[in-house]
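Commentary on secondary and tertiary structure
Chain by chain, the residues:
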2 protein chains.
Amino acid sequence: MAMSNESIEKLIKNAKVSIISSVDESGFPNTKAMLPPRKRIGLKEFYFTTNTSSMRVKHYRQNPKACIYFFDDAAFLGVMLMGTMDVLTDQKSKEMIWRDGDTMYYSLGVTDPDYCVLKFTVDKMRTYSNFQSSTVDMA
Amino acid sequence: MAMSNESIEKLIKNAKVSIISSVDESGFPNTKAMLPPRKRIGLKEFYFTTNTSSMRVKHYRQNPKACIYFFDDAAFLGVMLMGTMDVLTDQKSKEMIWRDGDTMYYSLGVTDPDYCVLKFTVDKMRTYSNFQSSTVDMA
């Protein structure tokens, strides 16, 4: 049986990290652990903070195809979301998810040019539970 | 400062899961948590058990470009290895990493046609520590 939306939301909410993947200029998948999303609209939109100078931003600007993945290894549960990653550098988006303390990562504050927002929009979801995978079209 | 090989090996050895990524037929990265590698030759070759019928195997047969990723979220450490994934279905490889108890996953035993081996060969490594990334050519 596929996971319920409630279980999926719970898994995402409790995950300590987000696993984010891109495709690099040579066509290789690249994966990285990032902080949990700062903002989420249901299972449709996810917003993350990141460094504008990062490898990930470079990849997504060239090729926005992305997946984000959340898992609970103890419970053998996983949720992979596939979709598009947009790099947002406008001040409104940057302010939307900025938090006190972020100057630890972005010393110039909310206008730091090395601070930007990754906006992920979901097209498709694949869940894993009870040793079975199940795909859902979300577009 | 980049991670020492000793720290990298320790991180991989202690990781409870391996995060494995492929590129699907539409060019999207796909990511999944798998069990730790059954066998490893230094930082050069990794061997995993998997289902021959899995999505991952289908992807790698079409496009062997892969990355595997290990991380320690508490310590903010990560190791991404990029390279090629081969799907091995020969009996010698299957026996090499088979363990008692695997019949839980592959009911027909070591000759189960739905059991196969993923062999990952590393070309490039990227490590993350002290909030800094560092790339090493391993080919």
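The residue numbers shown here count from 1 along each chain, following its written sequence. All chains are assigned letters beginning with A, and all ligands numbers beginning with 1, in the order in which they are written. Per-residue local features are limited, in this predicted model, to residues with pLDDT of at least 70; the limit for side-chain atom pairs, both in listing and counting, is 80 or more; totals at the level of whole chains, interfaces and linings are taken over all residues.

1. Observations regarding the relation of the copies chain A and chain B
For the pair chain A and chain B, the superposition axis carries a translation of 0.0 Å, the fit reaches an RMSD of 0.0 Å, and the rotation angle comes to 180°. Seen this way, the second copy is the image of the first under a two-fold rotation axis. For chain A, the minimum C-alpha distance to the rotation axis belongs to A:Pro29 and amounts to 2.9 Å. A high fraction, 100%, of the interface residues of chain A reappear at the interface in chain B, so the copies pair face to face through one surface. The superposition of copies rests on a least-squares fit of C-alpha positions from residues with pLDDT of 70 or more in both. Two residues form a contact once the distance between their C-beta atoms, set from the backbone, is within 7 Å.

2. Quick look at the interface of chain A and chain B
Much of the literature gives interface size as the accessible area that the parts lose upon coming together. Contacts between the two partners involve 24 residues from chain A, matched on the other side by 24 residues from chain B. Listed by contribution, the elements that provide at least two residues to the side of chain A that touches chain B are strand E1 (18-23), strand E2 (29-34), strand E5 (65-72) and strand E6 (77-88) of chain A. Taken together, the residues of the side of chain A that touches chain B sort by class into 13 nonpolar, seven polar and four charged. Numbered from the N terminus, helices here are DSSP runs of H or I no shorter than four residues, and strands are runs of E no shorter than two. Each residue gets one label: Ala, Val, Leu, Ile, Met, Phe, Trp, Tyr, Cys and Pro are nonpolar, Asp, Glu, Lys and Arg are charged, and the others, such as Gly, are polar.

3. Section: helix H2 (residues 55-62) of chain A
Residue and element names in this part refer to chain A. Exposure classification rests on a simple neighbour count of other C-beta atoms within 10 Å of a residue's own: a residue reaching 20 or more is buried, one at 12 or fewer is exposed, and one in between is partly exposed. C-beta atoms are placed from the backbone. Within the span of H2, buried status applies to Arg-56, His-59 and Tyr-60. End-on view of H2: buried residues confined to an arc of 95°, all on one side of the axis. With respect to the buried face of H2, the exposed residues turned more than 90 degrees away are Arg-61 and Gln-62. Where H2 is buried, its residues touch E1, E2, strand E4 (45-51), E5, E6 and strand E7 (115-129). Working note: the arc is built from the helix axis to C-beta atom directions.

4. Examining the pairing of E7(A)
Residue and element names in this part refer to chain A. Of all 15 residues that make up E7, eleven are buried, and the element is covered over most of its length. What makes two strands pair is DSSP finding at least two bridges between them. Bridge analysis of E4 against E7 gives seven bridges, and the strand direction is antiparallel. Residue Glu-45 lies in a different strand from E7, and its bridge partner there is Thr-121. Pairing of E6 with E7, which is carried by eleven bridges, proceeds in the antiparallel orientation. Bridge pairing in E7 links Leu-88 to Val-117. Bridge count for E7 against strand E8 (residues 132-137) is six bridges, and the pairing is antiparallel. By the bridge assignment for E8, Arg-126 is matched with Thr-135. What sits between the antiparallel neighbours E7 and E8 is a turn of two residues, in which Asn-130 has the positive phi angle 50°.

5. Brief notes about the environment of B:Gly27
Considering the arrangement of structural elements, one finds B:Gly27 in the loop between strand E1 (18-23) and strand E2 (29-34). Residue class for B:Gly27 comes out exposed when judged on the 11 C-beta atoms lying within 10 Å of it. It is 9.9 Å that separates the C-alpha atoms of B:Gly27 and B:Asn63, two residues lying 36 residues apart in sequence. If near-sequence neighbours (up to four positions away) are discounted, B:Gly27 is found in contact with A:Val23 and A:Lys65.

6. Quick word on the environment of A:Ala139
Residues and elements named next belong to chain A. Checked against the element boundaries, Ala-139 lands in the segment after E8. Linking Ala-139 and Tyr-105, residues 34 residues apart in sequence, is a C-alpha distance of 34 Å. With near-sequence residues (within four places) excluded, Ala-139 lies in contact with Asp-123 and Lys-124.

7. Side note on the nonpolar core
What we call a nonpolar core is a set of buried Ala, Val, Leu, Ile, Met, Phe, Trp, Tyr and Cys residues whose membership is set by joining through C-beta atoms within 7 Å. With 58 residues, the main nonpolar core has A:Cys67, A:Ile68, A:Leu81, B:Cys67, B:Ile68 and B:Leu81 as its most contacted residues. What B:Leu81 contacts, discounting residues up to four positions off in sequence, is B:Cys67, B:Ile68, B:Val122 and B:Met125.

8. Focus: the confidence of the model for chain A
Scored from 0 to 100, pLDDT reflects the predictor's confidence in each residue. Within chain A, residue pLDDT values average 94, and 99% of them lie at 70 or more. Across the assembled chains, the prediction reports ipTM 0.93 with pTM 0.94.

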